[in-house]
Amino acid sequence: MNKTEFKQFIAGIPKAELHIHLEAVISMPGIKKLYKNKFEKEMSKEEQKELFSYNDLNGFIQSFLKIQGMYSSVEDFRIVFDELEKYLVKNGITYTEVFFAPTAFLKMGFKYEDMIRIFHEKISKIKEKRGITIKMLMDVSRTFGCENAMKNYNLLKEFPCEDIIGIGLGGAEAKGPAKEYAPVYEQALKDGFKAVAHAGEDVGPESIWDSINYLHAQRIGHGITAIQDENLMTELKKTKLPIEICITSNTFTKKVVKKASEHPVRTFYDKGIAVNINTDDPVFFKTTLLDELYICHHDLNFTMDEIKDLIKNSFRQSFMSDKDKKAAVKAVDAAWQI
């Protein structure tokens, strides 16, 4: 099956994506629209090129923050959700858990309650129109310190929203050790929220251990440096703690792998570690979920049966109810006609 045939077939299979950032689904036309709204002029080609000129994780984060800085008001989130809808439909995604990072917007003077009002409105419309379920995870962010992370969490608690089910820890991993955020995670879990954490993306396996031991994370984002620690891989297999794999993103950062064929997801899967496939930041890394699954098939020798299992994993390892997980897995089987 060539790439075109593979993507056409997989597009018709219901899928879930569990590690994707809201601000990173916006296409260049959407970015140009934000820019024009903000600066009342067209974005130059030089500025467009510069925006995506980075070669490491910190450079990417700076571009991510730069796009956040183009928002003029909470109304701009309508543009972003329109872009998210297009992405989900194109990739055949029926369920997703999306990260959103409020800090930059709060610093710009946006009100949290205004943001989530628009989130709920757009999520409800997408559900009604497309039948796609969107849940959100607040990235409390390690970039701005634990005190700021707790402030973000307190907003989540103060202004409840049925669409926002938990917290995540993104940002520059090397600058924000996971264990520093234990107070935020302890409170979130105590209050009944879900908790995930980026770890082992740009720092060694100790970051993953800390996310397990101090944060009690229910999924690990990236987790690729687990390959450096046999004891950790044994622990992950035993506990079935899911790893959110983002192959193209990890290849870009070059911390552990420099090309897709070297990615440890093949080893993780063969060892019985729970893994699911994601894009992380599709616009920034010029990828889609269909592309990531093709990379698994073409570069990492996952058979079609294994691809089917990976797709099911994304539902199984989500925060859906058990009833909805069973229905979603059944829908994959029903659509899988080779």
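What you are looking at is a predicted structure, and each value in this text was computed from that prediction instead of being measured. (Residues numbered from 1 in each chain as written. Predicted model: local features only at pLDDT ≥ 70, side-chain atom pairs only at ≥ 80, totals over all residues. Heavy atoms only, no water.)

### Side note on the environment of K308
Cut-off, in case you're wondering: Helix and strand assignments come from DSSP, with helices taken as H or I runs of at least 4 residues and strands as E runs of at least 2, each series counted from the N terminus. The contact definition used throughout considers only heavy atoms, calling two residues in contact when any of these lie within 4.5 Å.
Position of K308 relative to the elements: it lies in helix α15 (residues 304-316). In this structure the C-alpha to C-alpha distance between K308 and I10, which are 298 residues apart in sequence, comes to 9.2 Å. In this structure K308 touches V332, D333 and W336, once residues within four positions along its chain are discounted.

### So, the sheet that holds strand β7 (residues 243-245)
What counts, and what does not: When DSSP locates at least two bridges between a pair of strands, those strands are taken to pair. Every axis in this analysis is a line fitted to C-alpha atoms, fitted for helices over the stretch in contact. Angles between the N-to-C directions lie between 0 and 180 degrees.
With parallel pairing, the 8 strands of this open sheet are ordered in space as β1-β2-β3-β4-β5-β6-β7-β8. The open sheet terminates on both sides in strands that have one partner only, identified here as β1 (15-21) and β8 (275-277). Direction aside, neighbouring strands of the sheet carry axes that sit 25° apart on average. Across 5 bridges, β1 lies against strand β2 (residues 93-100) in parallel orientation. When the sheet's bridge partners are listed, H21 is paired in β2 with F99.

### Here's the deal with helix α7 (residues 112-130)
Where we set the bar: Here the expected span of a helix is defined as 1.5 Å times the quantity of residues minus one. Only protein chains enter the accessibility calculation, which uses a 1.4 Å probe. A residue is then buried if its area is under 20% of the maximum for its type, exposed if over 50%, and partly exposed in between. The directions from the helix axis to the C-beta atoms form the arc being described.
An ideal rise of 1.5 Å per residue puts 27 Å on 19 residues; α7 measures up with 26 Å between its terminal C-alpha atoms. For α7, the full list of buried residues reads Y112, M115, I116, I118, F119, K122, I123 and I126. In a view along the axis of α7, the buried residues occupy a sector of 155°, so they form one face of it. In α7, the exposed positions angled more than 90 degrees off the buried face are occupied by E128 and K129. Within two residues after α7, G131 carries a phi angle of roughly 75°, on the positive side.

### Details of the packing of helix α1 (residues 3-11) against helix α14 (residues 289-298)
Worth spelling out the cut-off: Relative orientations are named as follows: roughly parallel for angles under 35 degrees, roughly antiparallel for angles over 145 degrees, roughly perpendicular for angles from 65 to 115 degrees, and oblique for any other angle. Crossing handedness is read from the near helix: turned anticlockwise from the far helix by less than a right angle, it gives a left-handed crossing, and turned clockwise, a right-handed one. Under the scheme applied, nonpolar residues are Ala, Val, Leu, Ile, Met, Phe, Trp, Tyr, Cys and Pro; charged residues are Asp, Glu, Lys and Arg; polar residues are all the others, including Gly.
Relative orientation of the contacting elements α1 and α14 amounts to 125°, with a least axis distance of 10 Å. One way to sum up the angle between α1 and α14 is to call them oblique. Considering the relative orientation of α1 and α14, their crossing is right-handed. Each of K3, F6, K7, I10 and A11 in α1 lies in contact with α14, whose residues at this interface are L290, D291, L293, Y294 and H297. Along the lines of polarity and charge, the residues of the contact of α1 with α14 split into 6 nonpolar, 1 polar and 3 charged.

### Here's the deal with the pairing of strand β3 (residues 133-139)
Definition in use: By convention a crossover is right-handed if, when the strands point away from the viewer, the path from the first strand over the helix to the second runs clockwise.
The element β3 is extensively covered by neighbouring structure, given that 6 of its 7 residues are classed as buried. Sheet topology places β3 next to strand β4 (residues 164-168); 4 bridges connect them, and they run parallel. Its bridge partner being in β4, M136 is matched across the sheet by I164. Assessed by its sense of winding, the connection that carries the chain from β3 through helix α8 (residues 146-158) to β4 is right-handed.

### Focus: the pattern of salt bridges
What counts here: When a carboxyl oxygen of Asp or Glu is within 4 Å of a side-chain nitrogen of Lys or Arg, the pair counts as a salt bridge.
Applying the stated criterion across every chain yields a total of 20 salt bridges. For the salt bridge of E85 with R130, the shortest nitrogen-to-oxygen distance reads 2.9 Å. Taken together, the residues E85 in helix α5 (residues 77-91) and R130 in helix α7 connect sequence positions 45 residues apart. Residue E244 is joined to R219 by a salt bridge in which the shortest nitrogen-to-oxygen separation is 2.6 Å. You can see E244 sitting in strand β7 and its partner R219 sitting in strand β6 (residues 219-222), a full 25 residues away along the chain. The same class applies to E244 and to R219, which are both buried. Each of E75, R78, E121 and K125 takes part in a single network of salt bridges with overlapping partners.

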